Amino acid sequence: MLNLPDSLYPDPIQGDNSVMSNGGAPANNNGPCDGASKAIDWPSASVEDLVVLLREPEHREKAISSLTHIKEVLSIYKSLTPEKLTMKDSSKVCDVLVLFEVISAPLISFSSVQIHCYLYPFLETEETSKPFQYLRLMSLGVIGGLLKEVGDPSTKVAVHCLLESGLFPLCLKSIEYGNELSQSTASWIMSRIMMQEQGLQYCCEPANRLCAIMKVFNDVIEKMQDEPSTTFLKNIIQCYVIMSDDPRTCVKNVSDQAPDSLRVVLCPLGRSGCCT
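Owing to the predicted nature of the structure, the values given are computational and were not obtained by experimental measurement.

Asks: I would appreciate a short explanation of the packing of helix α6 (residues 130–145) against helix α9 (residues 180–194) in the present structure.
Replies: Between two packed helices, what matters for the description is the angle formed by their axes and the separation of those axes. Interaxial distance between α6 and α9 falls to 9 Å at its minimum, and their mutual angle equals 25°. The orientation of α6 relative to α9 falls into the category roughly parallel. The two elements α6 and α9 meet at a crossing, and its hand is left-handed. Here Q133, R136, L137, L140, G141, I143 and G144 of α6 lie close against α9, whose contacting residues are L181, S182, T185, A186, W188 and I189. A class-by-class count of the residues in the contact of α6 with α9 yields seven nonpolar, five polar and one charged.

This is how it looks when you write it as structure tokens:
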């Protein structure tokens, strides 16, 4: 198990120990939305108060920590076995992960948080029952939310953090053991990572890593012969094209290792840019 931080933030903002007035609302006559200095009793803050405090940079990180109830996520780690994990427990944690997804990307830079550390145990599992699939998909959704803007500088920072912390093999594992939605989301994340120079370099060097990636792709595609997922195949073709366009790889080598069903598509696309 990873050494997980006690907080989402390396240096969380410490709230004042003064007590709120107005039944838990920030002690400010102008209301909680006012930008003036406040005395906040964080343990007593209501959800409504915390949502309002998200608008204020000096309180945002602490409000997010309070809202996300990280203990809910930590509490389920001991139950990550088929015998213990119930759909009720899985749904409870997934509700927290939805909040992660909604508030993490637009409000804070990836470099100031460690959200991904809490998600990896849900991606490491090889279990395929519904509670595990639910946790896997929601975790991938949180990570995907941090990679939506390809040209944004924060995306490059996110890609660096994700690669350094070992996300890529977990995406491959999600493609192997996840359901169709998880496979599509994981392959989309991988294509977004490959669009960054650091991500593409990671995939193409050393060469045996490139072969390992394509082997997972090919094995899953072969299993999908009867009922292929259009979204998954589109993302995988995107990945093949990006790798083919990189001068560190041989186009012939990439296309030769692709399944027969994809070679007709890949050959005209080599060195021509991304597929649509």
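Structure's up, so let's keep going.
Asks: Looking at this structure, how should I read unusual backbone geometry?
Replies: Negative phi values dominate among residues other than glycine, just as trans dominates among peptide bonds. Between E205 and P206 the backbone carries a cis peptide bond, its omega angle lying at 0°. With respect to the element layout, P206 can be found in the loop between α10 (197–204) and α11 (207–223).

Asks: Explain the confidence of the model for the protein to me, please; I cannot follow it from the model alone.
Replies: In regions of low pLDDT, the predicted coordinates are not meant to be interpreted in detail. The share of residues in the protein with pLDDT of 70 or more is 71%, and the mean pLDDT across the chain is 76. Highest mean pLDDT in the protein belongs to helix α8 (residues 167–177) (96); lowest belongs to helix α14 (residues 260–269) (63). pLDDT under 50 marks residues 7–37. Its contacts with residues more than four places away, or in other chains, come to 68 contacts. Of the regions scoring below 50 in pLDDT, residues 271–276 engages in 19 contacts with residues more than four places distant in sequence or in other chains.

Reading guide: rules and limits
- Residues numbered from 1 in each chain as written.
- Predicted model: local features only at pLDDT ≥ 70, side-chain atom pairs only at ≥ 80, totals over all residues.
- Heavy atoms only, no water.
- Axes fitted to C-alpha atoms, helices over the stretch in contact; angles between N-to-C directions.
- Helix = DSSP H or I, 4+ residues; strand = E, 2+ residues; numbered from the N terminus.
- Parallel < 35°, antiparallel > 145°, perpendicular 65-115°, else oblique.
- Left-handed = near helix turned anticlockwise from the far one by under 90°.
- Contact = heavy atoms within 4.5 Å.
- Nonpolar A, V, L, I, M, F, W, Y, C, P; charged D, E, K, R; others polar.
- pLDDT = per-residue confidence, 0-100.

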